Amino acid sequence: MAAPGKVAAFRLPPLPTIGEIIKLFRLKALKQLSQNFLLDLRLTDKIVKQAGELKNAHVCEVGPGPGGITRSILSAGVKQLLLIEKDARFIPGLQMLSEAAPGKVRIVHGDILNYKMEKAFPKHLKKNWEDEPPDIHIIGNLPFSVSTPLIIRWLENVSKRDGPFIYGRTQMTLTFQKEVGERLTANPGSNQRSRLSIMAQHLCTVENCFLIPGQAFVPKPEVDVAVVHFTPLVEPKIQQPFELVEKVVQSVFQFRRKYCFRGIETLFPENERLKRTEQLMMTADVDPTLRPFQLSMSQFRNLCNEYRKMCDEDPSLFVFNYREELRQKKTRRLLGSTGQSEQTEEENQL
């Protein structure tokens, strides 16, 4: 019996191990879906611990698979757990967990990329953006094939305060390939500094929590796995629309080994490229001979702010597409020749 004034800790009843679940339902990780199972419950407990205090929290787990992290989440004493699983083979094993934790688990068979997170949690959990994060968490051991497009999608949701962030500054604890985890947290000057670094860090506090060795997974991936925690910032470091920031950042990193002005040039049509690039770099006070990975967050902010002013003066700038310009040039060149054409350096790199 629990001590007076204390709530008894939730404990799952005895269940088959994750390994036994895999055998029982004849589960096999599918290489084409980049699936890897984590069987060590000490490691799943460690992942869940990075999410923070989960007692009586509402949690969404993405891609629970055979349910290793799911068990650790339930053992943390959550109030409600939403499981979103695309692969129907895992549903029976997850239903077994649901029956072991009556009233706590809701299973959705579907694709997280299509699921409407705006209705995932009770309305009373909503908090103002300026307040502390809501008692809502997203946790997931993501397949490598979906991790990057999904975090970009969620970063856009952070920027627009919709999706899972309609409830406030919802926190996320997710797994990525080691290299992707390093990119998400890379500082200026690091070789891992990339578009992903800027897009994540201008919107969130991003913490690379710890590494899980590849041999801890079944089957063993070729790389180690990083556990990364995200907390949306009250104020983004670049206060411009997501699409504009993404366009500028992508352009800068088009030619990451060259001087940054080379990527910035791709923001402008050929007939005014040099003049516009010089104008942008001068007003943004950015040294054109810096490499993209050397630029600080404040320099990216200046570039975005000044580019926004240029787009406000000439709306055709924002819809300009450098790749489309290259394609059209190549088509004209082919039509004007015998059909044989050497690719330009830009076409090779892009």
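Residues numbered from 1 in each chain as written. Predicted model: local features only at pLDDT ≥ 70, side-chain atom pairs only at ≥ 80, totals over all residues. Heavy atoms only, no water.

- Within an unreviewed UniProt entry, the label attached to the protein reads rRNA adenine N(6)-methyltransferase, and the organism entered is Cyanistes caeruleus.
- Heading Subcellular location (unreviewed entry) of the UniProt record for the protein holds this comment: "Mitochondrion".
- The heading Sequence similarities (unreviewed entry) in the UniProt record of the protein holds the text "Belongs to the class I-like SAM-binding methyltransferase superfamily. rRNA adenine N(6)-methyltransferase family. KsgA subfamily." (UniProt positions renumbered as here; feature names shortened; annotations may be inferred.)

1. Overview of unusual backbone geometry
- Phi is positive for N56, close to 65°, though the residue is something other than glycine.
- Within the element layout of this structure, N56 appears in the loop between α2 (41–50) and β2 (58–62).
- Look at D285: it is not a glycine, yet its phi comes out positive at around 55°.
- Within the secondary structure, D285 sits in the loop between α10 (273–283) and α11 (297–313). (Helix = DSSP H or I, 4+ residues; strand = E, 2+ residues; numbered from the N terminus.)

2. Focus: the UniProt feature "binding site: S-adenosyl-L-methionine" (unreviewed entry) in the protein
- This chain's UniProt record puts "binding site: S-adenosyl-L-methionine" (unreviewed entry) on N36, L38, G63, E85, D111 and N141.
- For D111, the position within the fold is in the loop between β4 (105–109) and β5 (136–140).
- You can see N141 is positioned in the loop between β5 and α5 (144–160).

3. A closer look at the packing of α5 against helix α8 (residues 242–252)
- Put simply, α5 and α8 touch, their axes get as near as 10 Å, and they point 135° apart. As summarised for this structure, α5 and α8 are arranged oblique, according to the angle between their axes. Contacts between α5 and α8 involve I152, L155, E156, S159 and K160 on the former and, on the latter, F242, E243 and E246. (Axes fitted to C-alpha atoms, helices over the stretch in contact; angles between N-to-C directions. Parallel < 35°, antiparallel > 145°, perpendicular 65-115°, else oblique. Contact = heavy atoms within 4.5 Å.)

4. Focus on the environment of F320
- One can find F320 in the loop between α12 (316–319) and α13 (322–335).
- Residue class for F320 comes out buried when judged on its relative accessible area of 13%.
- When the C-alpha positions of F320 and T266 are compared, they lie 9.1 Å apart, and in sequence the two are 54 residues distant.
- In contact with F320, not counting residues within four places along its chain, are K247, T266, L267, F268, P269, R273 and E325. (Buried < 20%, exposed > 50% of the residue type's maximum accessible area, 1.4 Å probe, protein only.)

5. Thoughts on the packing of aromatic side chains
- Counted by the stated rule, this structure contains 5 aromatic pairs.
- Arranged with centres 5.9 Å apart and planes meeting at 15°, the rings of F253 and F300 form a pair that is stacked. With F253 in the loop between α8 and α9 (260–264) and F300 in helix α11, this residue pair connects regions lying 47 residues apart in the sequence.
- A cation over a ring is seen here: R89 above F90, with NZ or CZ 5.1 Å from the ring centre.
- We note K247 situated over the ring of F318; from NZ or CZ to the ring centre the distance is 5.2 Å. (Phe/Tyr/Trp six-rings, centres within 6.5 Å; stacked < 30°, edge-to-face > 60°. Lys NZ or Arg CZ within 6 Å of the ring centre and 35° of its normal.)

6. Here's the deal with the packing of α8 against α11
- Contact geometry for α8 and α11: axes closest at 10 Å, N-to-C directions at 120°. The chirality of how α8 crosses α11 is right-handed. Of α11, the residues touching α8 (which contributes L244, V245, K247, V248, V249 and V252) are F300, L303, C304, Y307 and R308.
- Residue composition of the contact of α8 with α11, by class: 9 nonpolar, no polar and 2 charged. (Left-handed = near helix turned anticlockwise from the far one by under 90°. Nonpolar A, V, L, I, M, F, W, Y, C, P; charged D, E, K, R; others polar.)

7. So, α11
- In a regular helix each residue adds 1.5 Å, so 17 residues correspond to 24 Å; α11 covers 25 Å between its end C-alpha atoms and thus fits that length.
- For α11, the full list of buried residues reads M297, Q299, F300, L303, C304, E306, Y307, M310 and C311.
- Elements in contact with the buried residues of α11: α7 (195–201), α8, α9, α10 and α12. (Expected span 1.5 Å × (residues − 1).)

8. Some words on the pairing of β4
- Judged from the 5 bridges that link them, strand β3 (residues 80–85) and β4 form a sheet pairing that is parallel. Paired with L82 across the two strands is R106, which belongs to β4.
- Taken together, β3, helix α4 (residues 91–100) and β4 form a β-α-β motif whose crossover is right-handed. (Pairing = 2+ DSSP bridges. Right-handed = clockwise from strand over helix to strand, strands pointing away.)

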